[in-house]
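Summary of structural features
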Amino acid sequence: MTENNNNDNTEAGADGPERVLGTPSSEAEESVVSTASAEAEHEGPYPASETHAHPEEVQRRGEKIASLWFVIAFLGGIGFLVSYYLFPPNAQDVPAIADPRIGQYSNVLLGSTLALALFGIGAGMTVWARRVMPHYEVSSPYDDLPSDDEEKSSFSAFFMKSADESGFTKRPLMRRTLIAAMLPLGIAPIVLLRDTGPLPGDKLRDTPWADGVRMVVEGTDRFIRAEDLESEPNGMITALPYVVHEGGHGEGDHGEGEGESERYAENYHLSLNDKAKSVILLIKIPEGDYKSGMTETVEGQDEPRINWTHNGIVAYSKICTHVGCPAALYERTTHRILCPCHQSTFDAANAAEVVFGPAHRPLPQLPIGVDDEGYLVATGDFTEPPGPTFWDYAKD
């Protein structure tokens, strides 16, 4: 029994060394050595057995396609910058995009070129990941959360191996086109800083409203009489100033035979900027509903706000003092003016004081009266600038 056991453990006999039971044969040893050497030569961050690289031909084709997308993204980014400067202010310092039709063209160009740039970068990165980068099947046991010093010191080497295997360092065409594609988008935020200034300064203090300027219904050329609101208590009309541009005809050009309700403002002309500053709400409020705020003296004036009304008709700026949205909704029973954007609410019967929402100051009030022909007119300009509070209102 003893001799048989010895013979089983020494199959090699005299011609070879004794092999201990359970150890690999020479062929298995060679296989283990070859696998270890292959993994040692592999440059990626994970072992070769866990890495599935694409054939070189597939990687080269992917590099070219990804580079093409990056070139398209670069051209889209350049197009975005060109589109931004395509509509500069004209000789009168009025932006060309103030024309609604030109503004639409600008929006289409800016949106399409930016979309092309972003889509090109995304498509190129997708091709890069699917055609150039290898795929991994990695499995590792759960370790303690804190990394040991050896793992921390090997991170930089792991990162560089990942960069090499991703193709970022080995494939200059793809790398350079990616950088070129990202460059215009990196410059774009700096270029867009042009829109942050200059601050309006005193420009918002001056509007087309002045003593004796008539009012017209917004969207029409019809003058407004006090009777237009007298017949509808608690009514509201959106109005603009009647302005004749240089070289136009004056009020005397309206024929004598025209009915007063049919008189129109010929050559009525306001820029979008002027409309944005001067649009007002005319509201008819029973005089008994006015509150204490209307009896207060206007800052810088010697008369109360109630004197700026006419037979219960009061005029407020339509531009919300929060961020400039049109405060266009009016609740007749409570005399509340509501801005639909962020729900700022103003009390029209109490000097447009803020009763709810993020706005911090009342809507500016416009002093009004009637002229000799019974048409509503302004008796001056706003005493404070209309529009959002965050603008610089201070005079130089």
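Residues numbered from 1 in each chain as written. Predicted model: local features only at pLDDT ≥ 70, side-chain atom pairs only at ≥ 80, totals over all residues. Heavy atoms only, no water.

**Quick word on the overall build of the protein chain**
On a plain count of helices and strands, the protein chain comes out with 9 helices and 13 strands. In the protein chain, which comprises 396 residues, the share counted as buried stands at 35%. In the protein chain, the share of contacts with a sequence separation of at least 24, taken over all contacts with a separation of at least 6, comes to 68%. Entry remark: accessible area of the protein chain is about 23,800 Å², with carbon and sulfur atoms responsible for 55%. (Helix = DSSP H or I, 4+ residues; strand = E, 2+ residues; numbered from the N terminus. Buried < 20%, exposed > 50% of the residue type's maximum accessible area, 1.4 Å probe, protein only. Contact = heavy atoms within 4.5 Å. Areas by Shrake-Rupley, 256 points an atom, 1.4 Å probe, with all protein chains shown as cover.)

**Description of the side chain of Glu63**
Turning to its location among the elements, Glu63 is positioned in helix α3 (residues 56-84). Excluding residues that lie within four positions of it along the chain, Glu63 makes contacts with Val132, Arg171, Pro172, Leu173 and Met174.

**Observations regarding the confidence of the model for the protein chain**
Put simply, the protein chain has an average pLDDT of 78, and 74% of its residues get 70 or more. Model confidence for the protein chain, summarised as mean pLDDT per element, is weakest for helix α1 (residues 2-9) at 48 and strongest for strand β9 (residues 345-347) at 94. Across residues 5-14 the pLDDT falls below 50, and counting only partners more than four positions away or on other chains, this stretch makes 5 contacts in the model. (pLDDT = per-residue confidence, 0-100.)

**Digging into a negative patch on the surface**
There is a patch of like negative charges on the surface, built from Asp148, Asp149, Glu150 and Glu151. Position of Asp148 among the secondary structure elements: in the loop between β2 (135-136) and α5 (149-153). The exposure class assigned to Asp148 is partly exposed, which follows from its relative accessible area of 41%. (Patch = residues over 30% accessible without salt bridge, like charges linked within 9 Å, V, L, I, M, F, W, Y side chains within 5 Å. Salt bridge = Lys/Arg side-chain N within 4 Å of Asp/Glu carboxyl O. Lys, Arg positive; Asp, Glu negative; His and termini not counted. Charge placed at Lys NZ, Arg CZ, Asp CG, Glu CD.)

**Description of the pairing of strand β6 (residues 313-317)**
Burial runs high along β6: 5 of the 5 residues are buried. With burial as the criterion, each face of β6 is covered, one bearing Ile313, Ala315 and Ser317 and the other bearing Val314 and Tyr316. Relative to β6, strand β5 (residues 280-284) runs antiparallel, the two being bridged by 5 bridges. If you follow Ile283 over to β6, its bridge partner there is Val314. In the sheet, β6 pairs with strand β11 (residues 365-366) via 2 bridges, with the strands oriented antiparallel. (Pairing = 2+ DSSP bridges.)

**Some details on the side chain of Thr207**
Within the element layout of this structure, Thr207 appears in the loop between α7 (172-191) and β3 (215-217). Classification of Thr207 as buried rests on a relative accessible area of 13%. Of note is the side chain of Thr207, whose polar atom sits 2.6 Å from the side chain of Asp381. Beyond its immediate sequence surroundings of up to four residues, Thr207 is in contact with Lys277, Ser278, Asp381, Phe382 and Pro386. (Polar contact = N/O pair within 3.5 Å; in protein donor to acceptor, adjacent residues only side chain to side chain.)

**Structural notes on the sheet that holds β5**
Here we have 5 strands laid out as an open sheet, ordered β3-β4-β5-β6-β11, and antiparallel in their pairing. Either end of the sheet is taken by a strand with one partner, and the two such strands are β3 and β11.

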